[in-house]
Amino acid sequence: MRVQSLTLVAASAALLAPTTFPDAPPPTRPGPQAQFRSGHQPQSGPVRADRSGPRMGPVPPPQTGPFPRAGIPGHGVAPGEDARDEGPVSAADLLARVRDCEPVSEGRYRSDAGAPADIPVCGARDAVYWKADLDVDCDGRPGDRCNSRTDPHFTPATAYTRSDGRALDAERLPYVVVPQPSDIWDHREHDVRGGSVAAVVHGDRVRYAVVGDIGPRELIGEASYAAAKSLGIPADPHAGGTDSGVTYIVFKDSEVEPIEDRAATRETGERLAREFVGGR
């Protein structure tokens, strides 16, 4: 749930020592400048501080270059092989691959405003990852489920846009949110951009999404309505989400284009996840 007028507390700038993630619990792309979002008032259930702070427009990358991995059919597959024949990557295999954490962030993030700053961004050769809650981002193109009536802090903007220039559709497109670049962590320095591919794990489910929006600088753990629903997480923008147990794995130097191509996201995500688990 979202709580209004909560102040973001600065996250620690100290370098982090390696840590280990616990086992996951059981299930239970440039765009217009977005507006400030304050928190929701909870309607029922336990109070859980949620998103607060600026929703911002696109962040230009520090440098440009080719995107060699995603979008190249058959990358990482030997001639004559079809990676899709190998079957899907399991949640257990992905979680085992990210059990250990070598922090790449200079500090730690909060899951919600007022919560402890205890979430590092971890790094591997081909991915960055973190384990957090999931707060529902309903911003973007208005629909039946995501609009100013269902979400008092709804804004029809996302940091990255579709190929036709319109905002992303949170109801239909699974996307994840990365924090605004700061002295805690700058995703651009790790080859993460709008359209980068992510594997999101909750319980025994693995779903593939794109990086689609940018959130407050000190908070982490947010994904679109469609992403939450696909993971079996309550997707109500006002009172949905989950407090913990979601692992976000974003593959470096990857991109789906156009960003709204969900089939390409799944195919690319499955391939990259297989390579990641295989240690390629």
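For the structure given in this document, a descriptive report is provided here. (Residues numbered from 1 in each chain as written. Predicted model: local features only at pLDDT ≥ 70, side-chain atom pairs only at ≥ 80, totals over all residues. Heavy atoms only, no water.)

Looking only at helices and strands, the chain has 3 helices and 13 strands in total. Put simply, the chain has 280 residues, and 55% of those count as buried. As presented, the chain carries roughly 12100 Å² of accessible surface, and 50% of it is formed by carbon and sulfur atoms. (Helix = DSSP H or I, 4+ residues; strand = E, 2+ residues; numbered from the N terminus. Buried < 20%, exposed > 50% of the residue type's maximum accessible area, 1.4 Å probe, protein only. Areas by Shrake-Rupley, 256 points an atom, 1.4 Å probe, with all protein chains shown as cover.)

In this section: the pattern of salt bridges. Two side chains with opposite charge may pair up if their charged atoms get near one another. A full pass over the atoms with the stated rule returns 9 salt bridges. When the shortest N-O distance is used, the salt bridge between Arg217 and Glu218 registers 3.4 Å. Among the residues examined, Arg217 registers a relative accessible area of 30% and is labelled partly exposed. Here the residues in one salt-bridge network are Arg162, Asp164 and Arg166, joined through shared partners. (Salt bridge = Lys/Arg side-chain N within 4 Å of Asp/Glu carboxyl O.)

With that out of the way, let us pick up the nonpolar core. By size, the foremost hydrophobic cluster in this structure holds 62 residues, and its most contacted members are Leu94, Trp130, Leu134, Tyr248, Ile249 and Phe251. At the level of elements, helix 1 (91-97), strand 8 (127-137), strand 9 (175-179), strand 10 (197-202), strand 11 (205-215), helix 2 (225-230), strand 13 (242-251) and helix 3 (262-277) are the ones that each hand at least two residues to this core. The biggest single contributor to this core is strand 8, with 7 residues. Residues contacting Ile249, with those up to four places away along its chain left out, are Leu94, Val98, Ala127, Val128, Tyr129, Val197, Ala198, Ala199 and Phe276. (Core = buried A, V, L, I, M, F, W, Y, C linked by side-chain atoms within 4.5 Å. Contact = heavy atoms within 4.5 Å.)

Let's shift gears to the packing of aromatic side chains. Enumeration according to the criterion identifies 3 aromatic pairs in this entry. A ring pair is formed by Trp130 and Trp185, whose centres lie 6.0 Å apart and whose planes are at 65 degrees; its orientation type is edge-to-face. With Trp130 in strand 8 and Trp185 in the loop between strand 9 and strand 10, this residue pair connects regions lying 55 residues apart in the sequence. Both residues of the pair, Trp130 and Trp185, belong to the buried class. Pairwise contacts between aromatic rings join Trp130, Trp185 and Tyr248 into one cluster. (Phe/Tyr/Trp six-rings, centres within 6.5 Å; stacked < 30°, edge-to-face > 60°.)

Taking 1.5 Å per residue as the helical rise, helix 3 with its 16 residues ought to reach 22 Å, and the 22 Å between its terminal C-alpha atoms agrees with that figure. When helix 3 is considered as a whole, its buried residues turn out to be Thr265, Thr268, Gly269, Arg271, Leu272, Ala273, Arg274, Glu275 and Phe276. Packed against the buried residues of helix 3 are helix 1, strand 8, strand 10, strand 11 and strand 13. Between the side-chain oxygen of the N-cap and the backbone nitrogen of Ala263 there are 3.3 Å, and the N-cap of helix 3 in question is Asp261. One or two positions beyond helix 3, positive phi appears at Gly279, with a value near 75 degrees. (Expected span 1.5 Å × (residues − 1). Polar contact = N/O pair within 3.5 Å; in protein donor to acceptor, adjacent residues only side chain to side chain.)

Looking now at the side chain of Thr158. Residue placement: Thr158 occurs in the loop between strand 8 and strand 9. At 2.6 Å, the side chain of Thr158 and the backbone oxygen of Tyr160 are in polar contact. A polar contact is formed between the side chain of Thr158 and the backbone nitrogen of Leu168, at a distance of 3.1 Å.

Let us look at the environment of Ser90. On the secondary structure map, Ser90 appears in the loop between strand 3 (53-54) and helix 1. According to the relative accessible area criterion, Ser90 is partly exposed, its value standing at 29%. Through-space distance from the C-alpha of Ser90 to that of Ala273 is 9.4 Å; in sequence the pair is 183 residues apart. Within the local environment of Ser90, its side chain forms a polar contact with the backbone nitrogen of Asp93, the two atoms lying 3.0 Å apart.

Counted under the stated rule, the structure contains 2 disulfides. What pairs with Cys101 in a disulfide is Cys122, and their sulfur atoms sit 1.9 Å apart. Here the S-S torsion is close to -90 degrees, and the disulfide linking Cys101 with Cys122 is therefore left-handed. Here Cys101 is found in strand 4 (residues 100-101), whereas its partner Cys122 is found in strand 7 (residues 122-123), with 21 residues between them in sequence. Across the pair, exposure class does not vary: Cys101 and Cys122 are buried alike. Paired through a disulfide, Cys138 and Cys146 show a sulfur-sulfur distance of 1.8 Å. Measuring handedness by torsion sign, the sulfur bridge of Cys138 and Cys146 sits at about -75 degrees and is left-handed. You can call Cys138 buried: its relative accessible area is 0%. The cystine pairing of the chain, numbering bonded cysteines in sequence order, is 1-2, 3-4. (Disulfide = S-S within 2.5 Å.)

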